[in-house]
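# What the coordinates show
Okay, here's what each chain looks like letter by letter:
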Amino acid sequence: MLFPWGDIPVPETCSLKYRLGIDCPGCGLTRGFILIAHGNPLAALRLNPASWFVFLFVVAQIPLSLLHALRCRRPWMQRWTRVNETLVICLVIVLVVQWAVRLALGDV
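Residues numbered from 1 in each chain as written. Predicted model: local features only at pLDDT ≥ 70, side-chain atom pairs only at ≥ 80, totals over all residues. Heavy atoms only, no water.

Time to look at a nonpolar patch on the surface. Residues I89, I93, V97, V101 and L105 make up a contiguous nonpolar surface patch of roughly 490 Å² in combined accessible area. Position of V97 relative to the elements: it lies in helix α5 (residues 75-105). (Patch = residues over 30% accessible without salt bridge, like charges linked within 9 Å, V, L, I, M, F, W, Y side chains within 5 Å. Areas by Shrake-Rupley, 256 points an atom, 1.4 Å probe, with all protein chains shown as cover. Salt bridge = Lys/Arg side-chain N within 4 Å of Asp/Glu carboxyl O. Helix = DSSP H or I, 4+ residues; strand = E, 2+ residues; numbered from the N terminus.)

Once that is clear, we can look at the packing of aromatic side chains. Under the criterion given, the structure shown has 2 aromatic pairs. Ring geometry for F33 and F55: centres 5.5 Å apart, planes at 85°, overall edge-to-face. Of the two residues, F33 sits in helix α2 (residues 29-37) while F55 sits in helix α4 (residues 51-69), which places them 22 residues apart along the sequence. Looking at F33, the relative accessible area reads 22%, which means it is partly exposed. Centroid distance W52 to F55: 5.8 Å. Interplanar angle 75°. Geometry classified as edge-to-face. Taken as a pair, W52 and F55 lie in helix α4 at a separation of 3 residues, close to a single helical turn. Its relative accessible area of 30% is what places W52 among the partly exposed residues. Site record: aromatic cluster; members linked through ring pairs are F33, W52 and F55. (Phe/Tyr/Trp six-rings, centres within 6.5 Å; stacked < 30°, edge-to-face > 60°. Buried < 20%, exposed > 50% of the residue type's maximum accessible area, 1.4 Å probe, protein only.)

Let us look at the environment of L35. For L35, the position within the fold is in helix α2. For L35, a relative accessible area of 23% puts it in the partly exposed group. For the pair L35 and L45, spaced 10 residues apart in the sequence, the C-alpha separation amounts to 9.3 Å.

Below, the structure written as structure tokens:
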């Protein structure tokens, strides 16, 4: 990736990639989000198989965050907040598992 105003490479932002030369569990997520938004979901899956899960989770945060910002105090909001917290843990597990599988297969 290059800056738009010249042939200056963008510095590496992933410490794991910089120090060890391997992708981290989240490598490819930003590019995957862009590909999904541009209508290329298969390319996003190739970059990071968990990109769709993370994308859907992030999109689901929009209404939940708005309800919290509006100080919605319904009983179902507490349940959804707990479900959301559980989903965060599941998402981290999915990211780490897909990363470990890709490492084992030599795909990263």
